[in-house]
Amino acid sequence: MRFFLLAAATLCASSTTALDLTMTDRYSLNRPASLDYDPAFCGLWIANEGPEAILVTLDGLELRRISSDLFRIKAISLEGDDLIVSDGNGKFQRLSKDGQALSAPFQIEGGWADTEGIAVDEDGTLITVEDDPEYLTWLSPEGEILRRIDTMTLTPPLSEAQGIARDPRTEHLLIVDDLEGTNSLYEFDAEGTLLATAPLSEYGLDPEGIALRPGSNQLFIAFDSGAAIASFDYTPTLPEGHAPLPPGADCAMF
């Protein structure tokens, strides 16, 4: 059975295409948290707030397991052909996909940040979501704070941001707010303007991570309650007159 959701959203006035999700699949996976999609393996990198991260196929078969010099891996993202991970206490490290350290850990400016998710912009800027205090932050590759948005000032407030994904076709940012917040998906433009929100309670509780497969317009959301990953067909918010998005790069191994 397919489920349809049209967001009742905070949309910009010129929008003619609204954020739309169609759930296509769901499978159990223990303690999924931060996610990112890897087209080289057609799989998902998953951090579960333990000392290791895993790479799994899109239906949950484990392919690889890596560790870092951090005491835990709370957030993970692809950075070019490599990975960047964070411990959620302000430290980051760059790793190869076979788990080799590419550099020593480095610290965010200011020394501490409750980083829950990481995305990487085209120019190498790190975009993070942070909890307690609640921020959407743009960082230089070395961890210098470039700018920040207090997500509690949004309508509705984004109080428990847990995961972030970036759509390279639109540069939109997709962020999930967990059960202590609104249990919703938030969509932002590249500058951090809120475009839309979509409740996720129909599909699962306590979303912790999100990843995008642009080559198939496919979105993956990790739910802590029930320990599952759900996949969705995804349509972003688009401005008036915008042509349908072409598919992005997809599985390189096929």
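The preceding data block contains the structure.
A few points on the structure.

Turning to the pattern of salt bridges, a few remarks are in order. All chains considered together, the criterion is met by 10 salt bridges. For the salt bridge of glutamate 52 with arginine 65, the shortest nitrogen-to-oxygen distance reads 3.0 Å. Here glutamate 52 is found in strand 6 (residues 52-57), whereas its partner arginine 65 is found in strand 7 (residues 62-67), with 13 residues between them in sequence. Between arginine 148 and glutamate 130 there is a salt bridge, and its shortest N-O distance comes to 2.8 Å. With arginine 148 in strand 15 (residues 145-150) and glutamate 130 in strand 13 (residues 126-130), the pair connects residues that are 18 residues apart, well separated along the chain. Shared partners join several salt bridges into a network, and the residues in it are Glu52, Glu62 and Arg65.

In this section: the packing of aromatic side chains. Under the criterion given, the structure shown has three aromatic pairs. Plain terms: the ring middles of tyrosine 186 and phenylalanine 188 are 6.4 Å apart, the flat faces sit at 15° to each other, and that makes the pair stacked. When sorted by exposure, tyrosine 186 lands in the same class as phenylalanine 188, which is buried. When the ring centre of tryptophan 138 is taken as origin, the NZ or CZ atom of arginine 147, which lies over that ring, is 3.6 Å away. Looking at arginine 148, its charged tip hangs above the ring of tyrosine 135, at a distance of 4.3 Å from the centre.

Looking at the element boundaries, lysine 97 is found in the loop between strand 10 (91-95) and strand 11 (106-107). The class of lysine 97 is buried, set by a relative accessible area of 13%. Reaching out from lysine 97, the side chain makes a polar contact with the side chain of aspartate 38 at a distance of 3.0 Å. Non-local contacts of lysine 97, meaning those with residues more than four positions away in its chain, are made with Asp38, Ala40, Phe41, Trp45, Arg64, Ile66, Leu78, Asp81, Asp82 and Leu83.

The next thing to look at is the sheet that holds strand 17 (residues 173-177). With respect to topology, four strands assemble into an open sheet ordered 16-17-18-19, the strand pairing being antiparallel. Every other strand in the sheet has two partners, leaving strand 16 (161-166) and strand 19 (194-199) as the edge strands with one partner each. Taking each pair of neighbouring strands and ignoring which way they run, the sheet shows an average axis angle of 20°. Two strands pair when backbone bridges link them, and strand 16 and strand 17 are joined in this way by five bridges, in the antiparallel orientation. Across the sheet, residue alanine 165 finds its bridge partner in strand 17, namely leucine 174.

What counts and what doesn't
Residues numbered from 1 in each chain as written. Predicted model: local features only at pLDDT ≥ 70, side-chain atom pairs only at ≥ 80, totals over all residues. Heavy atoms only, no water. Salt bridge = Lys/Arg side-chain N within 4 Å of Asp/Glu carboxyl O. Helix = DSSP H or I, 4+ residues; strand = E, 2+ residues; numbered from the N terminus. Phe/Tyr/Trp six-rings, centres within 6.5 Å; stacked < 30°, edge-to-face > 60°. Buried < 20%, exposed > 50% of the residue type's maximum accessible area, 1.4 Å probe, protein only. Lys NZ or Arg CZ within 6 Å of the ring centre and 35° of its normal. Polar contact = N/O pair within 3.5 Å; in protein donor to acceptor, adjacent residues only side chain to side chain. Contact = heavy atoms within 4.5 Å. Pairing = 2+ DSSP bridges. Axes fitted to C-alpha atoms, helices over the stretch in contact; angles between N-to-C directions.

Functional significance is not addressed by these values, which are geometric in nature.
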